[in-house]
Amino acid sequence: MKKFRVAIIGYGRSGRNIHKHLLEQLPEKYEIVAIADADAQRREMIQAETKAEALENHAQLYGRTDIDFVVNASFSMDHAPISKELLEHGFNVLSEKPAASSPAEFEAGVKAAEEHGCFYHVFQQYRFAPSYLKLKEVIASGVLGRIVQVSLNYSGFARRWDWQTIQRFKAGSLLNTGPHPVDQALDLMGFPKEVQVTAAFDRAHTYGDAEDYVKVLLQAENAPVLDIEITSTNAFSDYTYLVQGTLGSLKGTTKKLEWKYYVEADEPEQKLTDKPLRDEKGEPIYCREKLTLHTGDWEAAGDEVDDFNYKGLQFYNRLYETLANGAPFPITHAQVSSQMAVMEEAHRQNDARISPFVK
């Protein structure tokens, strides 16, 4: 089995706590050979915690031929320029999200990858979440009927004061958390060519100048309405997914899903009337019936219980199949560009409305 040699840019919450953690669980497939971080204390951590070479910056990789790909887990504002620079130096790149802050910025990286014969992928591991895959399976089964709306709720109640709250770092809830639900939303819509975006931002608990309340409504022809909410102001959120269909509904979290539906053929046929409804005595009645609702449920089990780790490993396993065996990678450049276009339009509608006041 071929083992791919990996370098990581950044040894923070993403580089260390996510990518290093995941890659070390797949030692037969990947080996971390170098990690770069400008912070001296973090370089000491690299030396203490890994067998990888500790570098001060990504430029120290240039000229090396022993690295199969680089994980770009730098600051969000540096994702696009560093990825493009790495690609221009002939390195394959896996970028953390957001890969860029606009479709044009992302496409510049795609062009560099094509010109230099490199691969360029984005870490959209939420596409492989077991709860999300089960949701898609239930929708595809048809038991919920035609899907009218899907709500994706990434909410909580908390304050935040780190760099992910500062606009100059290309931060804020949409660019930080948003790539995952926006990717899922567009996937559920079938990645339509034209999407109508309606968005509202606010600053509530954040200490920075970027948004921590996001509401995005996506609409497209022959697709369900997608309602995305990312907020730090909801202390009562009890679901991640809510699917509304013509025959039933589904609701749940990353740990558990449940759905209710009726079978149309088993219910009495009703006929539209413009006459007032009345019972056998002639007394007025409300238009109501009791449908026989069937139920289904799913609960994470085994490795799926640790949702965050599971979907990350699934991502890296799929990436391995692409690198080692040429299997098509399910997250395409065109799909990432669509995601960027949605987020760019949402920001266009709201950036001027976000107060510049910083607590």
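Each remark here, short or long, concerns the structure printed above.
Everything numeric in this text was worked out from a predicted model, so none of it was measured.

**Details of the packing of helix H1 (residues 15-23) against helix H8 (residues 307-325)**
Relative to each other, H1 and H8 sit at 60°, their axes nearing to 10 Å. Taken together, the axes of H1 and H8 lie oblique to each other. Crossing of H1 over H8 shows right-handed handedness. Only Phe308, Asn309, Gly312, Leu313 and Tyr316 of H8 make contact with H1, whose side of the interface consists of Ile18, His19, His21, Leu22 and Leu23. Class assignment for the residues of the contact of H1 with H8 results in 6 nonpolar, 4 polar and no charged.

**Looking at the packing of helix H4 (residues 103-116) against helix H9 (residues 333-350)**
Their axes nearest at 8 Å, the elements H4 and H9 cross at an angle of 155°. As summarised for this structure, H4 and H9 are arranged roughly antiparallel, according to the angle between their axes. Crossing of H4 against H9: the hand is right-handed. Note on element contacts: H9 touches H4 through His333, Val336, Ser337, Met340, Ala341 and Glu344, opposite Pro103, Phe106, Glu107 and Val110. Grouping the amino acids of the contact of H4 with H9 by side-chain chemistry returns 6 nonpolar, 2 polar and 2 charged.

**Concerning the pattern of salt bridges**
For the structure on display, the rule yields 18 salt bridges. With a closest N to O distance of 3.8 Å, Asp37 and Arg42 form a salt bridge. On the accessibility criterion, Arg42 (34% relative accessible area) is partly exposed. Among the charged side chains, a salt-bridge network with shared partners connects Arg5, Glu31, Glu53, Arg64 and Asp66.

**Focus on the pairing of strand E4 (residues 69-72)**
Of the two faces of E4, the one holding Phe69 and Val71 and the one holding Val70 and Asn72 are both buried throughout. For strand E1 (residues 4-9) and E4, the ladder comprises 4 bridges, and the chain directions are parallel. Directly across from Val6, in E4, lies its bridge partner Phe69. Here E4 runs beside strand E5 (residues 93-95); their pairing, made up of 3 bridges, is parallel.

**Observations regarding the sheet that holds strand E8 (residues 196-202)**
One open sheet accounts for 8 strands, arranged E8-E9-E10-E7-E11-E12-E13-E14; its pairing is mixed. Because the sheet does not close on itself, it has two edges, and the strands there are E8 and strand E14 (294-299). On average, each strand axis in the sheet is inclined to that of its neighbour by 10°, with strand direction left out of account. Note: strand E7 (residues 147-155) against strand E11 (residues 241-245), 5 bridges, orientation antiparallel. Note that in E11 the partner of Val150 across the bridge is Val243.

The rules behind these values
- Residues numbered from 1 in each chain as written.
- Predicted model: local features only at pLDDT ≥ 70, side-chain atom pairs only at ≥ 80, totals over all residues.
- Heavy atoms only, no water.
- Axes fitted to C-alpha atoms, helices over the stretch in contact; angles between N-to-C directions.
- Helix = DSSP H or I, 4+ residues; strand = E, 2+ residues; numbered from the N terminus.
- Parallel < 35°, antiparallel > 145°, perpendicular 65-115°, else oblique.
- Left-handed = near helix turned anticlockwise from the far one by under 90°.
- Contact = heavy atoms within 4.5 Å.
- Nonpolar A, V, L, I, M, F, W, Y, C, P; charged D, E, K, R; others polar.
- Salt bridge = Lys/Arg side-chain N within 4 Å of Asp/Glu carboxyl O.
- Buried < 20%, exposed > 50% of the residue type's maximum accessible area, 1.4 Å probe, protein only.
- Pairing = 2+ DSSP bridges.

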